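Results of the structural survey
Chain by chain, the residues run as shown.
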Amino acid sequence: MRQEETMDKKQEKTMDEKSIDKTVEPLLKKAKEDGVETPWDRLESQGRQCKFGVLGICCKNCAMGPCRIIPSGERAQAGVCGADADTIAARNFLRIIAAGTSAHSDHGRSVVEAALALAKGDATDYEIKDEQKLISMAMDLGVNVERKDAKEILKDVAEACLKEFGRQEGELCYVKKAPLKRQEVWRKAGIVPRGIDREVVESMHRTHMGVDHDPEHLLLQGMRASLADGWGGSMIATDLQDVIFGTPEPVLGTANLGTLSQDEVNILVHGHEPLLSEMIVVAAQDTELLELAKSKGASGINIVGTCCTGLEILMRHGIPIAGNFLQQELTVSTGALEACIVDIQCIMPALSNAAQCYHTKLITTSRIAKFPGALHIEFDEKHALDKAKEIVRVAIENFPNRKAEKVKIPDEKMFHISGFSYETINYLLGGVYRASLKPLNDNIIGGRIRGVAGVVGCNNPKVKHDWVHVELVKELIKNDVCVLQTGCSAIALAKAGLMLPEASQFAGDGWREVCETVGIPPVLNMGSCVDNSRILIAASAMVKEGGLGDDISDLPVAGAAPEWMSEKAISIGQYFVASGVFTVFGVTWPTLGAEKTTEILFNRMEEIAGGKFAFESDPIKAAKLMIEHIDKKRKALGIDKARERVLFDMAARREL
Ligand code: BF8
């Protein structure tokens, strides 16, 4: 369905149009009976949504407005200040990126602060789990490691990271992790980020009334701000989380609401930062708390996650993932949650009302995020485990309040293999001593693998929950495309069973042979949304490995966010595009009312940065766009000849 059709339609959906997840229908019915509203209900009660907002051509940046441009051209062609549709849409787009960048990067800053506290001996519940990664961070940040112990190095690394946020001039250190040619592209376009905070502040300044009005100039700043996210805040978050909590390795996990327990204390962790959830995992194994749970009639403590906080503890500990973004209120509606612990981002304000319909305690924990009606227990990294125990205790004490007649836990539970960090993929392909992406490149050149796609992002009740993700990914793997995933998209595919090695039966012959030989699933879960930085590093490593050009924009790769909803998704999409990757968005596109601005994003950006956006809401058509792009790049590399079909004998397998 095209954007114009979705825009003109009231958002009423039959149950079949709402989700492919079998837990959704029964729990939507239960939620209704219990008086809980869900995003699907609220979308319906919105009626027709604002046409100007959907097209990106309304402006409320000053009190002469709000202004809107009438697309038919009969009336207003400019806001009161004279800004036309293109200026308004470009300004709005830049503000979206600034918000997304700040969310990822402020998360990164919290991790840096915790790391600094650990290094100074003030956060004694954390430890350094990956010293090798710490050393490699030190190298990238120009930190001298000689004659220093790990904590001293961590202190200097954390302080160097803090400088990346406040840097006023020059370039972010991590820019140098990109291929040399990519760095030159950015320098030539004038979009190398200086400091993370500076790019966000400048974006807000430029979009204030009466400052920057040239759409291309505004969108160049959008690229710069987004690069401060992908190659700055997000990458710092991923790297330091790996240092403190360990770099993920393959782990067997379970997904969906069947992971909730009938007879244990159920605790849901939701949000993005793993600083507290890591400690909740530790607290749940505390003997005293387990005894307390038993004394309250529970057989144990069951931690489950949702969204990116859930992915963080899934990737490192195999903690079950109960669902993705659109399932958060449904998880509460099971009536089986003793506590829903939230930190930051992607948490529906409506959770507060949902929790009040049951015995569930909604517990907010972040200094910057409070919800009316929730219990606030503020997290503090200096007393991390004590805080986690306090929160788990509240959940346990709440167990006797669970009402059996209000509990409905669906059976759906799917196994999956997750934990594919960049380092792990390197190791799986090349072994301990020769860890490298060479086998990946060789198989792309040889044609068994057609290319690589990053499929990421959210859910959105405007489209059938999980369906767009699953259909898009199935089409890609069927066409021999290796799929890397993060965020709620990864959770969708885990629930659908595509993250098991046996799912390689759904892949084309070439990608299936490689998956079977290496023993990996055809769809690889790389983690949370800040972990999209792992995909940037993998793409850079593919370039450095050789044989596939000398820039990310030469690679046969593409990206997609088919069910996106958040500003962070646009920021991610923009840093992929600015890094040279063709990236397709579904659902809706926020500049379609502005022809010139859309033209810059969908075409001109390719001339500037080698990547561009596209909008396609149909998953099969989106997959075809990505495959066409991959084939175009294969042709440019001269590897588009008929792709060989070789049956592997043992010698060939050993070589691979
Ligand atoms: O950062 S995919 S709904 S949970 S924004 Fe949010 Fe979107 Fe899920 Fe994680 Ni990412």
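Everything numeric in this text was worked out from a predicted model, so none of it was measured. (Residues numbered from 1 in each chain as written. Predicted model: local features only at pLDDT ≥ 70, side-chain atom pairs only at ≥ 80, totals over all residues. Heavy atoms only, no water.)

1. A short note on helix α10 (residues 196-206)
Of the positions making up α10, those classed as buried are I196, E199, V200, E202, S203 and R206. Seen end-on, α10 carries its buried residues on one side only, within an arc spanning 165°. Facing away from the buried surface of α10 by more than 90 degrees, the exposed residues are V201 and H205. The elements touched by buried residues of α10 are α6 (85-119), α8 (150-166) and α11 (215-245). (Buried < 20%, exposed > 50% of the residue type's maximum accessible area, 1.4 Å probe, protein only. Helix = DSSP H or I, 4+ residues; strand = E, 2+ residues; numbered from the N terminus. Arc of directions from axis to C-beta. Contact = heavy atoms within 4.5 Å.)

2. Side note on the coordination of the nickel atom of the ligand
Protein coordination of the nickel atom of the ligand rests on one atom only, C529 (SG), at 2.3 Å. Coordination at the nickel atom of the ligand comes from four donor atoms whose angles at the metal span 91 to 162°, giving a geometry best classed as irregular. Examined against the element boundaries, C529 turns out to sit in the loop between β13 (523-525) and α23 (532-545). (Donors = N, O, S within 2.8 Å, 3.2 Å for Na, K, Ca; no water. Tetrahedral: all angles 85-135°; square planar, octahedral: opposite > 155°, others 65-115°.)

3. Things to note about unusual backbone geometry
Along the chain, G65 connects to P66 via a cis peptide bond; the corresponding omega equals 5°. Position of P66 relative to the elements: it lies in the loop between β1 (58-59) and β2 (67-68). Phi is positive for N256, close to 100°, though the residue is something other than glycine. Relative to the helices and strands, N256 resides in the loop between β3 (251-255) and β4 (265-271).

4. Remarks on the pattern of salt bridges
Counted under the stated rule, the structure contains 45 salt bridges. For R109, the salt bridge goes to D197, with nearest N and O atoms at 3.1 Å. Placement of R109 in helix α6 and of D197 in helix α10 is noted, with a sequence separation of 88 residues between them. Here R109 falls in the partly exposed class, since its relative accessible area comes to 23%. (Salt bridge = Lys/Arg side-chain N within 4 Å of Asp/Glu carboxyl O.)

5. What about the site of the ligand?
The environment of the ligand is made up of H272, C307, C308, F325, C346, G457, C458, C488, C529, M565, S566 and K568. For the ligand, an oxygen atom lies 2.7 Å from a polar atom in the side chain of H272. In the model, an oxygen atom of the ligand is placed 3.0 Å from a nitrogen or oxygen of the K568 side chain. Grouping the amino acids of the shell around the ligand by side-chain chemistry returns eight nonpolar, three polar and one charged. (Near = heavy atom within 4 Å. Polar contact = N/O pair within 3.5 Å; in protein donor to acceptor, adjacent residues only side chain to side chain. Nonpolar A, V, L, I, M, F, W, Y, C, P; charged D, E, K, R; others polar.)

6. Structural notes on the nonpolar core
If you look at the biggest cluster of nonpolar residues, it comprises 174 residues, and the most contacted ones within it are Y126, V157, L240 and L476. For this core, the element with the most residues is α11, which contributes 14 residues. Aside from chain neighbours lying at most four places away, what touches L240 is V111, V112, A115, M137, L154, V157 and C161. In this structure, W40, L268, I347 and Y358 belong to the second largest nonpolar core, which totals 31 residues. (Core = buried A, V, L, I, M, F, W, Y, C linked by side-chain atoms within 4.5 Å.)

7. A few points about the sheet that holds strand β16 (residues 613-615)
Sheet architecture is open: six strands sit in the order β13-β12-β11-β14-β15-β16, paired in parallel fashion. The open sheet has two free edges, formed respectively by β13 and β16, since each of these has just one partner strand. Strand-to-strand twist of the sheet, defined as the mean angle between neighbouring strand axes without regard to direction, takes the value 25°. The sheet contact formed by strand β12 (residues 481-485) and β13 spans three bridges and is parallel. For V483, the partnering residue across the bridge sits in β13 and is V523. (Pairing = 2+ DSSP bridges. Axes fitted to C-alpha atoms, helices over the stretch in contact; angles between N-to-C directions.)

8. Structural notes on the side chain of D130
With respect to the helices and strands, the residue D130 is situated in the loop between α6 and α7 (131-141). An unpaired buried charge is present at D130: no salt bridge exists, and K133, the closest side chain of opposite charge, is 6.1 Å distant. In this structure the side chain of D130 is engaged in a polar contact, spanning 2.9 Å, whose partner is the backbone nitrogen of K133. Among all residues touching D130, those that are not within four sequence positions of it are D242, V243 and T247. (Lys, Arg positive; Asp, Glu negative; His and termini not counted.)

9. Looking at α7
Here α7 has its buried residues at K133, L134, M137, A138 and L141. One side of α7 holds all its buried residues, which, seen down the axis, span an arc of 145°. Those residues of α7 that are exposed and angled more than 90 degrees off the buried face are Q132 and M139. Tucked into the core, α7 has its buried residues touching α8, α11, α18 (422-430) and α23. Backbone nitrogen of Q132 and a side-chain oxygen of the N-cap are separated by 3.2 Å at the start of α7; the cap is D130. Trailing α7 by a residue or two, G142 shows a phi angle of about 75°, which is positive.

10. Digging into the packing of α6 against α11
Relative orientation of the contacting elements α6 and α11 amounts to 20°, with a least axis distance of 8 Å. Here α11 runs roughly parallel to α6, going by the angle between their axes. Crossing geometry of α6 relative to α11 is assigned as left-handed. When the residues that make up the contact of α6 with α11 are grouped by side-chain class, the tally is 17 nonpolar, 13 polar and three charged. (Parallel < 35°, antiparallel > 145°, perpendicular 65-115°, else oblique. Left-handed = near helix turned anticlockwise from the far one by under 90°.)

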